[in-house]
Amino acid sequence: MLRIVDYRNLGSEELGSVYESLLELHPVMNAEAKAFDLSTAAGNERKTTGSYYTPDSLVQCLLDSALDPVVEDRLTGKKGEDAEQAILAMKVCDPACGSGHFLIAAAHRLARHLARVRTGESEPSPEDYQHALRDVIGRCVYGVDLNPMAVELCKVSLWMEAIEPGKPLSFLDHHIQCGNSLLGTTPALLTKGVPDDAFMPIEGDVKQQVNALKRDNKRERQDYESGQGYLFSPTLKLGNLPATISQINVASEESVEDVTAKQEMYEKLVKGADYLNARLLADTWCAAFVWKKDDSDLGRLCPTERVFRSIEDNPRGVNIHVKAEIRRLSEGYQFFHWHLAFPDVFQLPGDDSRAENSSTCWNGGFDVVLGNPPWEKIHLRDEEFFAERAPEIADASTKAKRKRLIDKLKTEHPQLYREYQEEKQKHDHISAFFRLSGYFPLTGVSRINLYSVFAETAHRIVGVYGRFGLVLASGLLTDDNNKHYFDALISNKQLVHAWDFENSKAIFPAIHRSYKFALIGGCGAGIETSLADFAFYLSSEEELQNEWKHFSLSAEELALLNPNTKACPAFRSKSDAEVNLHIYKRIPAVDVVTSSTDWPGDIKTPFNSANDSKHFKTRRQLADEGAAWSAELYAKVDGESWLPIYEPKFIHQFSHRFASFAFDGEGPGSSETIDVKELESPQRYVAPRNWLTASLLSERFPGEWFLVVRNITGALNERTSIAAIIPKRPCVDANLLLGLRPTTALMICANMNAFAYDYLARQKIAGTHFNQFIWKQIPLIRPQDYENTKSLGAESLIPKCSLELTYTAWDLKGFAAECEYKGPPFLWDEDRRFLLRCELDAAYFHLYLGNSDEWGTGSSRLREVFATPRDAVTYIMDSFPIVKRRDIARTADENGENGRYITKETILEIYDEMAAAIRTGQTYQTRLDPPPGPPTDAEDNFIPVAEWDENNWPSHIHQPR
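Cut-offs used in this document
- Residues numbered from 1 in each chain as written.
- Predicted model: local features only at pLDDT ≥ 70, side-chain atom pairs only at ≥ 80, totals over all residues.
- Heavy atoms only, no water.
- Helix = DSSP H or I, 4+ residues; strand = E, 2+ residues; numbered from the N terminus.
- Expected span 1.5 Å × (residues − 1).
- Buried < 20%, exposed > 50% of the residue type's maximum accessible area, 1.4 Å probe, protein only.
- Arc of directions from axis to C-beta.
- Contact = heavy atoms within 4.5 Å.
- Pairing = 2+ DSSP bridges.
- Axes fitted to C-alpha atoms, helices over the stretch in contact; angles between N-to-C directions.
- Patch = residues over 30% accessible without salt bridge, like charges linked within 9 Å, V, L, I, M, F, W, Y side chains within 5 Å.
- Areas by Shrake-Rupley, 256 points an atom, 1.4 Å probe, with all protein chains shown as cover.
- Salt bridge = Lys/Arg side-chain N within 4 Å of Asp/Glu carboxyl O.
- Lys, Arg positive; Asp, Glu negative; His and termini not counted.
- Charge placed at Lys NZ, Arg CZ, Asp CG, Glu CD.

A.B. asks: Any chance you could explain helix α15 (residues 320-333) here in plain terms?
C.D. replies: Because each turn of an α-helix spans 3.6 residues, side chains separated by three or four positions end up pointing in the same direction. Taking 1.5 Å per residue, 14 residues should reach 20 Å; α15 reaches 20 Å between its end C-alpha atoms and fits that length. V322, E325, I326, L329, S330 and Y333 are the residues of α15 that are buried. Around the axis of α15, the buried residues are gathered within 135 degrees of arc, so they sit on the same side. Residues of α15 that are exposed and point over 90 degrees away from its buried face: I320, H321 and E331. The inward-facing, buried residues of α15 contact α12 (273-290), α13 (297-300), α14 (305-313) and α20 (414-436).

As structure tokens, then:
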């Protein structure tokens, strides 16, 4: 349906939306039909460009946190003309400005401040406000974008906002510039010369030529160093460039002649020898990384240290072919050097002075950096490249088909194939520049996403007393690639806030509802933030107003919570943050604990279901080889033992018999959970789908039993941490803990299956894997922690309960024997197992949370959230909704009503009984009859089976078979 468009009242926000939509389109022209159309090309949707129009509500949030504090700081103690000049001296930048949405919003905010300062009124007249807005746009806003259309559209948007009757459009060319704001260099990098890493082979380079250039560069730099060359900075002779730019900024724009004069002054400046020579030197440094290093004449002319220093000394003496290639690469890659593009913002220090920013060797920087840069990885998308050039390739149904069509281009369309290869090489060169140049020491690692390097750019270009606010993918806080950047912000106390959103309510309609993004706020080195403000799992801007969603963490507290990954903990509320901090201060993460005992064992990754499958055999294959089978499903073939392979799905908490495959004569069917009635038989064993030799298992993982932790899991599952002890069996796709004494294994198994530990694990897991690096950052109760709770009797109670829960089948007889118990397996009794686990959970809540006397001593904020540790137990148990839902369903009456959260109630009852024992100094008495574990004597030693009373056999233990 066609609608009338009111172009007369089209505002900057609408222009921004139009710009983002145009990114999806490409022109289609049919000469014969005389038709022209704009259509969406395959791979050209906005989600693949990494470009999304930012809702104004998010922009305003960032202005509140990044712009307003800087304005307040600049205006402190100033009045009248001083206050006016303080605002007009502010510099706000968007390094990926697009259509200028952030810049326009910032300009309006600054204009309101300026108009109030000038008039002394809280609500200035529209005329005063518009005059202030025009001045701010002409002097305070800066932007860069890779797309020429975006740059022009940004200028148009700013002109539309700044229109003042009777006055010409402002001159903006020196403030809104086209270039790749990520590809450039700094005075500090220029001082060090061309690094050897500029000569790393990229696909298309000739390795011998690359190696030769690298050798030459290394030798030339050594020669330069021996000549004391590094005592001096590069000869960046910018002349009067900074002063002239400053004059252009403040020059009058009352008439067309004024604007023309400013334009001529700027053009003369950037065409002058000082600017062009400085630009040539910086471009040469960048060109060394992206030069095609083949065995052609031009390839051998790639600038090394000698060429770079000769250009520094005498720019006019450079080889004309080298100069032409540098210019071509500069234009093709759109090199952008911040200190040359905006010399009024970044000033070079004098010969005897020290730079404010030691990493860049410049003074100054922007007062505010804002933006929503692209969120996309650096690789060429074939669909996007061929969308216009060869639509049949872009529209190919599979990757394999697309690859075949691309390969055919070699002979059918060699020119297009050559262009494709050149574009691929360009992406490879950009990736190599990010990783090797030293321009991005914090984020230039592994598979780089653009939002990461934009974040580091904002950190680099913000002034010492400035602030930045960015909309970025949440991976900046949690991904391993970004841990050095996040750690730098935290360690230097430069992170102001990190507010994490889920897109479940389509804040960004063009991206998937499951995508996560964050509003990141930071500050310059001259401002220290003792506590950063965090909020996670927000679904709308309104939730930012919910104080309970926010929590604060210091650099020391963050290091305590994530000592290895340095990533940000994603707590859902202040309650989660405070109770986790309390626990981590009492019980440190595994990896920061040193112990002379076997605790907590060696973590190993067992067999891989894909890589090791060549060693596996199925039941049918073994049967065809004449295998003989044992009751435990061992197979014997020509004297070689074959053991059933355990899969993670076979185990659950304290159970090595959770699921099994059914064999239908042809092969294993689907796996099914083993029924409770079957588990009551101690001869019911797991039937696998594959077997592996006992010799290979012993070679890789010696031992008679293993403690296994599931790898595949999730923070929203019924239970997240799942551990069990299994017999000597090969295991795939899980984590093994080896080198443990049996008693230690029982206690760690009980620990990792406890609700308290599970709760801590949920705070760490963002995906579906419980990897080693995750659980190494979770506190496990240490041996001395058990010894410190004599009244609780945990050191005796826990291994007994854990053994009874674990040893339910004869195939774990060897493990039980190592525990000095030689009796039959324990009965599988659901009601008794429930009480056993509740006692364990109550004990671990005491071990993790401590008693009421020490509650809140480590954090003044803890008592604001939970008055007592018991309140924290209640909160933690309520954070397991599936457990609660199932309890209520199974305890409900025939009408489906009056169900109870029986697990929580029972744990709290036992918790209170244990608390009373601790308070009175009496040993806790289990409510189980008979007590857990095998019979013991007065000194707590297991009584040998031969001494049991045959007429009074323990009711919870199987009779001997």
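A.B. asks: Just to check I follow, could you spell out the side chain of N180 for this structure?
C.D. replies: Within the secondary structure, N180 is located in the loop between β5 (176-178) and α8 (187-192). Classification of N180 as buried rests on a relative accessible area of 12%. Residues in contact with N180, not counting those within four places in the same chain, are L146, Y333, Q334 and F336.

A.B. asks: What is the right way to look at the sheet that holds strand β8 (residues 366-371) in this model?
C.D. replies: The pairing of strands in a sheet happens through backbone hydrogen bonds and is either parallel or antiparallel. Spatially, β5-β4-β3-β8-β9-β11-β10-β12-β13 is the arrangement adopted by the nine strands of the open sheet, whose pairing is mixed. Sheet topology places β5 and β13 (550-553) at the edges, where each strand pairs with a single neighbour. If you compare each strand with its neighbour and ignore which way they point, the axes differ by 15 degrees on average. Bridging between strand β10 (residues 495-502) and strand β12 (residues 532-538) involves four bridges; their strand directions are parallel. Across the sheet, residue W499 finds its bridge partner in β12, namely A535.

A.B. asks: What exactly am I supposed to notice about the pairing of β8 here?
C.D. replies: The side chains of a regular strand alternate between the sheet's two faces. With six of six residues buried, β8 is to be regarded as a mostly interior element. When strand β3 (residues 92-94) meets β8, the two strands line up parallel, connected through two bridges. When the bridges of β8 are listed, V92 appears paired with V368. The pairing of β8 with strand β9 (residues 462-473) spans five bridges and is classified as parallel. If you follow L370 over to β9, its bridge partner there is G469.

A.B. asks: Before we go on, may I ask you to explain a negative patch on the surface in this structure?
C.D. replies: Where like charges cluster on the molecular surface, the negative patch consists of D675, E680, D829, E830 and D831. By the secondary structure assignment, E680 is in the loop between α27 (676-679) and β20 (691-693).

A.B. asks: Honestly, the environment of A843 in this entry has me stumped. Any pointers?
C.D. replies: Mapped onto the elements of the fold, A843 is located in helix α35 (residues 830-849). On a C-alpha basis, the gap between A843 and H379 in space is 52 Å, while along the polypeptide they are 464 residues apart. Apart from residues lying up to four places away in sequence, A843 is in contact with L792, I798 and M914.

A.B. asks: Which parts of the structure should I look at to understand the sheet that holds strand β23 (residues 734-738)?
C.D. replies: Within the open sheet, the four strands sit side by side as β14-β23-β21-β22. Their pairing is antiparallel. Two strands lie at the open edges of the sheet, namely β14 (602-604) and β22 (723-727), each paired on one side alone. Neighbour to neighbour, the strand axes of the sheet diverge by 35 degrees on average, direction disregarded. Pairing analysis gives three bridges linking β14 to β23, with the strands arranged antiparallel. When the sheet's bridge partners are listed, K604 is paired in β23 with L736.

So far we have only geometry, and geometry alone does not tell us how the molecule works.
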